[in-house]
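Spelled out, the chains give:
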Amino acid sequence: MAAIYKKELRSYFTSMTGYICMAFMLVVIGIYYAVINLASGYPYFGYTLSCVIVLFLLMTPVLTMRILAEEKSRKTDQLLLTAPVSLWKIVVGKYLAMVTVFGLALLVTCFYPLILSRFGTVSLSMAYTAILGYFLYGAACIAIGLFISSVTESQVIAALLTFFVLLVFYITGTITKSLPSTAVASFVIWIFVILFAAWLVYNLTANLKIALAAGIAAEAVNIIIFFVKSDWMAGSVAKALGAFNMTSFFSNFGSGVFDVTGIVYYLSIIGFCIFLTIQAIQRKRWGGDALMTAVMLAIVVVVNLVVGQIPVKYTQFDLTDNQLYTITDQTKEFVKGLDSDVDVYLVAQSGQEDEQIQKVLGRYESLSSHIKVHTKDPVVNPSFTKQYTDSSLSDNSLIVVCGDKYKVINYSDIYQSEFDYSTYSSQTTGFDAEGQLTSAIDYVTSDSLPKLYTLTGHDESSLSDTLTSQIEKENIDIEELNLVTSEAVPDDANCLMIDGPQKDITADEKDRILDYMEKGGHVLIFTDYTETDMPNLAELLNNYGLSTSAGLIFEGNSQYYYPGYPSYLIPRIQSADAVGSMTSKDLVLMPYAQNINISDDVRSTVSAQPILQTSSKSYIKTDLKNLTTTEKASGDEEGPFTVGAAVTEDYNDVETKLVYFSSSALLDENMNQAVSGGNYELISNVMSWMIDKEESISIPAKSLSTTYLTVTAADAGFWGAVVILIPAALVIGGGVVWFRRRRK
């Protein structure tokens, strides 16, 4: 085999074929690389490779058309059958020579991600995973071309057939999306597919009886399924064609997922095509072995089916920077605790399923035997969604069901988007499949939902849409409450929130809140610095040993405030049950806060502890009207200061909880974004503690925003020229070798 390999490899580099193929591949990739990665600063090389998959439609026929067709046209194919070397070694040697030519060109592109890393952050693991997928895809295409070259004497026909077959494989995804998915349409399509398969069997085996028997048997099965189990027939053609969608497996590698099922799939194509090539050569002498072909096909199908049934957590490894397809530990722990069966329905037309959502659903299904994922085609089952919603659902929406409870997740809630005013277009910024799914599963498996009341009537701040959505993702109902018109806090209140009131509460409101708390109520309070006296609110806090100091806190330690703004505090999170799993390493941003005094002169049943504290270099400025500098001055009270506190009181088997933050700016959406969602994570954990949930299950959306590279025009021009000059050098070098050989 080594001798055959060396001979074939030498033939590619003593002629222009190898040089032209390599140069063509590198020049096309180089152009896309220069435009997408260098000129535009896009950091993902996998996207560039996905744009040039079409390259194989042109390169593979040129590389493979002569490999065996030429042997037939010269009548030297008989020598293959009588050679002292095993036929399989000859075929494999020829195949490896072609793969080497392709691999050498691809090896050059391995330096491209390293060049990009000079200009910013580039995920090399994602880039090289994409290169691996591209290599496997190309190797499979070459194997297909090898087989086609073995069934014809004409190199031109071999090239055209290879191009056509690879084109069909390339557009299979588009074909499946456009195919009708009804049972009748699938039945008719299968009739013609089976006829084509029977013709193919005849051409491979040269046995008309076997071809007829196989065709009749398959048509009989097709008819039986259509009349007995028509729902199996619906969408079956698209599912079957999915096995020929080679690009779908590459998309996993291209998006940063190391996919074992994809490796097995491509190796199966390579092995089966090499086997068919050997069969095609032997057929001229011994005739086709239909049984062996059928057995080999069955082995390939079974191996892929078995590997496909392995849970994705063992076959797909997420190498993306933000772990886009990885399920968080929080969800894993929650799902492991399920004791009820949950059905998740993906509502999408056959062939139009969102790949990212499917990946996440597969990981959920592999986490627990209680979770089952189903796909429902709205064309085949038009009335399915009506039992859950009267509204029309977009493709790839989800319905989560447990018993009689269900929750609908619209596709628009899974992908978050923002409007870009610079381009006047909407940009997808986040992927929230896990957050929405975990929330929905929690909702349908919960016996009852906690309720949060927000106090109104005192010019309170409004909760941002993002925070409201995050609270609702925790399956907490939100309702407004006016205690001037209500005689008491409702009995179903799990928590009462007072968010930055600009006016004092009345004495009656204070008494109603205290009455609620004495019965085991939970209250979350945010206040702001103001010169307006609020004696009733102050008395409410004093009842639990809390009060605020006059003035605002400024931070003297640069590690504890936002750069350039010493009043924008970054206090350290203290160890407390109320903050959940957050630690001092997690950041929150809290502007314009006041010191919270925790008094010891309070009932023995009351226990208070700080949850947010400033550094020892912080200080308080009290005369804000005449403030001339924010620098620390003599007489300024020094820290550390408490800006967030949690209070509990256990009395007569009733537990009261109070959490107090001295700045409602903690809830501001801009402040939250500045610390990557740390503020809202803290609030979620606090609420979970207050309503007695074991743990917050509000999973933040995963960012889809791209940090572009900073590539100067000069650098882009230089490296763009380099990647274009490499294939030019190959062509020139190949021309010199070819010319010298001709002169000899």
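Source: prediction; values computed, not measured.

Chemist: Help me out: how do you make sense of the overall build of the chain in this one?
Modeler: Assigned secondary structure in the chain consists of 29 helices and 25 strands. By the compact-globule yardstick of 27 Å for 744 residues, the chain is too spread out, its C-alpha radius of gyration being 34 Å. Considering only C-alpha atoms, the chain reaches an extent of 105 × 65 × 45 Å along its principal axes. Going through the 744 residues of the chain one by one, you find that 48% of them count as buried. The contacts of the chain with a sequence gap of at least 6 include a subset with a gap of at least 24, amounting to 77%. Summing over all exposed atoms, the chain offers an accessible surface of approximately 35,400 Å²; the carbon and sulfur share of this is 57%. Charge separation in the chain, taken as the distance between the mean sites of 48 positive and 74 negative side-chain charges, equals 25 Å.

Chemist: In this structure, what is going on with the pairing of strand S11 (residues 495-499)? I would like to understand it.
Modeler: Within a regular strand, the side chains alternate between the two sheet faces. For S11, a buried count of five out of five residues is recorded, marking the element as mostly surrounded by other parts of the structure. Judged by which residues are buried, S11 turns out to be covered on both faces: Cys495, Met497 and Asp499 on one side and Leu496 and Ile498 on the other are all buried. Where S11 and strand S12 (residues 522-526) come together, four bridges link them in parallel fashion. Directly across from Asp499, in S12, lies its bridge partner Phe526. What joins S11 to S12 is helix H25 (residues 507-518), and the crossover it makes is right-handed.

Chemist: In this structure, what is going on with the sheet that holds strand S20 (residues 606-613)? I would like to understand it.
Modeler: For sheets, the rule is that strands pair by backbone hydrogen bonds, running either parallel or antiparallel. Ordered in space as S10-S9-S11-S12-S24-S23-S20-S17, the eight strands form an open sheet in which the pairing is mixed. The sheet terminates laterally at strand S10 (477-481) and strand S17 (572-573), the two strands that pair on one side only. Both S17 and S20 contribute to a ladder of two bridges, which runs antiparallel. What sits directly across from Ile573, in S20, is Leu612. Set on the sheet, H25 makes contact with strand S9 (451-455), S11, S12 and strand S24 (654-661); between it and S24 the angle comes to about 130°. Relative to the sheet, helix H28 (residues 678-690) contacts S9, S11, S12, S20, strand S23 (642-651) and S24, its axis offset from that of S24 by approximately 165°.

Chemist: Before we go on, may I ask you to explain a nonpolar patch on the surface in this structure?
Modeler: A contiguous nonpolar surface patch, about 420 Å² in accessible area, is contributed by Phe24, Leu58, Phe163, Phe164 and Val168. As for its placement among the helices and strands, Val168 is situated in helix H10 (residues 155-170). For Val168, a relative accessible area of 30% puts it in the partly exposed group.

Chemist: Looking at this structure, I do not really get the packing of aromatic side chains. What am I missing?
Modeler: The geometry of an aromatic ring pair comes down to the distance between the two centres and the angle between the two planes. Within this structure, the stated rule accounts for 34 aromatic pairs. Between the aromatic rings of Tyr33 and Phe45, the centroid separation amounts to 5.9 Å while the plane-to-plane angle is 80°, which identifies the pairing as edge-to-face. With Tyr33 in helix H2 (residues 17-39) and Phe45 in helix H3 (residues 45-51), this pair connects stretches of sequence that are 12 residues apart. Of the two residues examined, Tyr33 and Phe45, each falls in the buried class. When the ring of Tyr265 is compared with that of Tyr266, the centres are 5.5 Å apart and the planes differ by 65°; the resulting orientation is edge-to-face. Given the relative accessible area of 9%, Tyr265 is considered buried. Overall, the relative accessible area of 0% leaves Tyr266 in the buried class. Ring pairs connect the aromatic residues Phe56, Phe102, Tyr134, Phe135, Tyr137, Phe249, Phe250, Tyr265 and Tyr266, which therefore count as one cluster. Directly above the aromatic system of Tyr325 lies the positively charged group of Lys359, at a separation of 5.1 Å from the ring centroid. Positioned over the ring face of Tyr443 is Lys405, at 4.6 Å from the centre of the ring.

Chemist: Teacher, can you tell me more about the sheet that holds strand S16 (residues 565-569) here?
Modeler: Pairing in this open sheet of three strands is antiparallel, and the strands run S15-S16-S18 from one edge to the other. Each end of this open sheet is capped by a strand with a single partner; those strands are strand S15 (561-562) and strand S18 (590-591). Bridging between S15 and S16 involves two bridges; their strand directions are antiparallel. By the bridge assignment, Tyr562 is partnered in S16 with Tyr565.

Chemist: How do you make sense of the confidence of the model for the chain when you look at a structure like this?
Modeler: The predicted coordinates of low-pLDDT regions are not to be read in fine detail. Within the chain, residue pLDDT values average 86, and 93% of them lie at 70 or more. When mean pLDDT is taken per element in the chain, S12 scores highest with 95 and helix H6 (residues 77-82) scores lowest with 55.

Chemist: I would appreciate a short explanation of the side chain of Glu649 in the present structure.
Modeler: Relative to the assigned elements, Glu649 resides in strand S23. Looking at Glu649, its side chain comes within polar contact range of the side chain of Arg603, at 2.9 Å. Within polar-contact distance, the side chain of Glu649 engages the side chain of Thr605 at 2.7 Å. For Glu649, the residues in contact, after removing those within four places along its chain, are Tyr544, Arg603, Thr605, Val606, Val654, Glu655 and Thr656.

Chemist: Whenever I open this one, unusual backbone geometry confuses me. Can you help?
Modeler: For residues besides glycine, phi is generally negative; the peptide bonds are generally trans as well. Residue Pro640 is reached from Gly639 by a cis peptide bond, and omega for that bond is 10°. Positive phi outside glycine occurs at Asp459, with the angle close to 55°. As for its placement among the helices and strands, Asp459 is situated in the loop between S9 and helix H24 (465-473). Judged by its relative accessible area of 48%, Asp459 is partly exposed. Notably, Tyr592 is not glycine yet its phi reads approximately 55°, a positive angle. By secondary structure assignment, the location of Tyr592 is in the loop between S18 and strand S19 (596-598). For Tyr592, a relative accessible area of 41% corresponds to the partly exposed category.

Chemist: Hey, could you run me through the packing of helix H7 (residues 87-109) against helix H9 (residues 124-149) in this one?
Modeler: For any two helices packed against each other, one specifies the inter-axial angle together with the distance between the axes. As a packed pair, H7 and H9 sit with axes 10 Å apart at the nearest point and diverge in direction by 145°. Crossing of H7 over H9 shows right-handed handedness. Each of Val91, Tyr95, Met98, Val99, Phe102, Gly103, Leu106 and Thr109 in H7 lies in contact with H9, whose residues at this interface are Ile131, Tyr134, Phe135, Gly138, Ala139, Ala140, Ile142, Ala143 and Leu146. By residue class, the composition of the contact of H7 with H9 is 14 nonpolar, three polar and no charged.

Here is what the cut-offs are and how they apply
Residues numbered from 1 in each chain as written. Predicted model: local features only at pLDDT ≥ 70, side-chain atom pairs only at ≥ 80, totals over all residues. Heavy atoms only, no water. Helix = DSSP H or I, 4+ residues; strand = E, 2+ residues; numbered from the N terminus. Rg over C-alpha atoms; globule rule 2.2 N^0.38 Å. Buried < 20%, exposed > 50% of the residue type's maximum accessible area, 1.4 Å probe, protein only. Contact = heavy atoms within 4.5 Å. Areas by Shrake-Rupley, 256 points an atom, 1.4 Å probe, with all protein chains shown as cover. Lys, Arg positive; Asp, Glu negative; His and termini not counted. Charge placed at Lys NZ, Arg CZ, Asp CG, Glu CD. Pairing = 2+ DSSP bridges. Right-handed = clockwise from strand over helix to strand, strands pointing away. Axes fitted to C-alpha atoms, helices over the stretch in contact; angles between N-to-C directions. Patch = residues over 30% accessible without salt bridge, like charges linked within 9 Å, V, L, I, M, F, W, Y side chains within 5 Å. Salt bridge = Lys/Arg side-chain N within 4 Å of Asp/Glu carboxyl O. Phe/Tyr/Trp six-rings, centres within 6.5 Å; stacked < 30°, edge-to-face > 60°. Lys NZ or Arg CZ within 6 Å of the ring centre and 35° of its normal. pLDDT = per-residue confidence, 0-100. Polar contact = N/O pair within 3.5 Å; in protein donor to acceptor, adjacent residues only side chain to side chain. Left-handed = near helix turned anticlockwise from the far one by under 90°. Nonpolar A, V, L, I, M, F, W, Y, C, P; charged D, E, K, R; others polar.

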